[in-house]
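Report on the structure
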Amino acid sequence: MSTVVLGTGDKIMNIMKDMDMGIPGLASLSGVHENTLLNIMAGICEPDITTLCRVADALGVCVRELCPDEEQYTLTVGKNTLAKLIVISEINGVELNDLIASILEKGIEENGFYG
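Residues numbered from 1 in each chain as written. Predicted model: local features only at pLDDT ≥ 70, side-chain atom pairs only at ≥ 80, totals over all residues. Heavy atoms only, no water.

1. Considering the packing of helix α2 (residues 23-30) against helix α4 (residues 49-59)
Definition in use: Only the stretch in contact is used when fitting a helix axis, every axis being a line fitted to C-alpha atoms; angles between N-to-C directions are given from 0 to 180 degrees. Helix and strand definitions here come from DSSP, where helices need a minimum of 4 consecutive H or I residues and strands a minimum of 2 consecutive E residues; each element is numbered from the N-terminal end. Our angle categories are set so that under 35 degrees counts as roughly parallel, over 145 as roughly antiparallel, 65 to 115 as roughly perpendicular, and the remainder as oblique. Every residue pair with non-hydrogen atoms within 4.5 Å of one another is taken to be in contact. For this classification, the nonpolar set comprises Ala, Val, Leu, Ile, Met, Phe, Trp, Tyr, Cys and Pro, the charged set comprises Asp, Glu, Lys and Arg, and every other residue, Gly included, is treated as polar.
In the contact formed by α2 and α4, the axes pass within 8 Å of each other and the chain directions differ by 110°. In terms of orientation, α2 and α4 fall into the roughly perpendicular class. Here Leu-26, Leu-29 and Ser-30 of α2 come into contact with α4, specifically with Arg-54, Val-55, Ala-58 and Leu-59. For the contact of α2 with α4, the class distribution of residues is 5 nonpolar, 1 polar and 1 charged.

Okay, here's the thing in structure tokens:
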């Protein structure tokens, strides 16, 4: 029996279909440009952590629900974002991996990054 492996774009499209939401609606709710959403849904690129969190928030789902079906995945994180995460992990006495896992699970807003 083969298992279907879904990427981030596939998962976003499935949720949008269930919600009867179009790309303009998701772009409006998430603040992510339509072209960026199209590239993600087409599998041309994977979203960065900020984009992924904004899309998840707009769809009302946990970020982990949008992650590709793999044991591990890669997200591009800019140097400034990584530096901020390192500082926050040091201030809070939390390992960086634990902080990132918390952000992926609970979302960026609950961790005080944007609002």
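2. Some details on a nonpolar patch on the surface
Convention followed: The patch calculation keeps residues exceeding 30% relative accessible area without a salt bridge and links them within 9 Å when they carry like charges or within 5 Å when they are nonpolar (Val, Leu, Ile, Met, Phe, Trp, Tyr). The method behind every accessible area is Shrake-Rupley, applied with a 1.4 Å probe, and residues are considered shielded solely by the protein chains displayed. We define a salt bridge as a side-chain nitrogen of Lys or Arg found within 4 Å of a carboxyl oxygen belonging to Asp or Glu. Buried means the residue's accessible area, taken with a 1.4 Å probe over protein chains only, is under 20% of the maximum for its type, while exposed means over 50%, and partly exposed covers the values in between.
There is a patch of nonpolar side chains on the surface, built from Val-77, Leu-82 and Ile-86 and spanning about 200 Å² of accessible area. The residue Val-77 is located in the loop between α4 and α5 (79-92) in this model. Its relative accessible area of 32% is what places Val-77 among the partly exposed residues.

3. As for the nonpolar core
Generally speaking, a soluble globular protein has its nonpolar side chains buried in company with each other. Going by this rule: The nonpolar core is taken to be a set of buried Ala, Val, Leu, Ile, Met, Phe, Trp, Tyr and Cys residues, with the residues joined through side-chain atoms within 4.5 Å.
Judged by nonpolar contacts, the single largest core of 25 residues is most densely connected at Ile-12, Met-16, Leu-26, Leu-37, Val-55, Leu-59 and Leu-66. Those elements that place two or more of their residues in this core are α1 (8-19), α2, α3 (34-41), α4 and α6 (96-106). In terms of residue count, α4 provides more of this core than any other element does, 7 residues in total. Residue contacts for Ile-12: discarding those within four places in its chain leaves Leu-26, Ile-40, Met-41, Val-55, Leu-59 and Leu-66.

4. Quick notes on the confidence of the model for the protein chain
Convention followed: Per-residue confidence from the prediction method is given by pLDDT, with values spanning 0 to 100.
Residues of the protein chain with pLDDT of at least 70 account for 83%, and the chain-wide mean is 82. When pLDDT is averaged over each helix and strand of the protein chain, the minimum, 76, is found for α6 and the maximum, 96, for α2.

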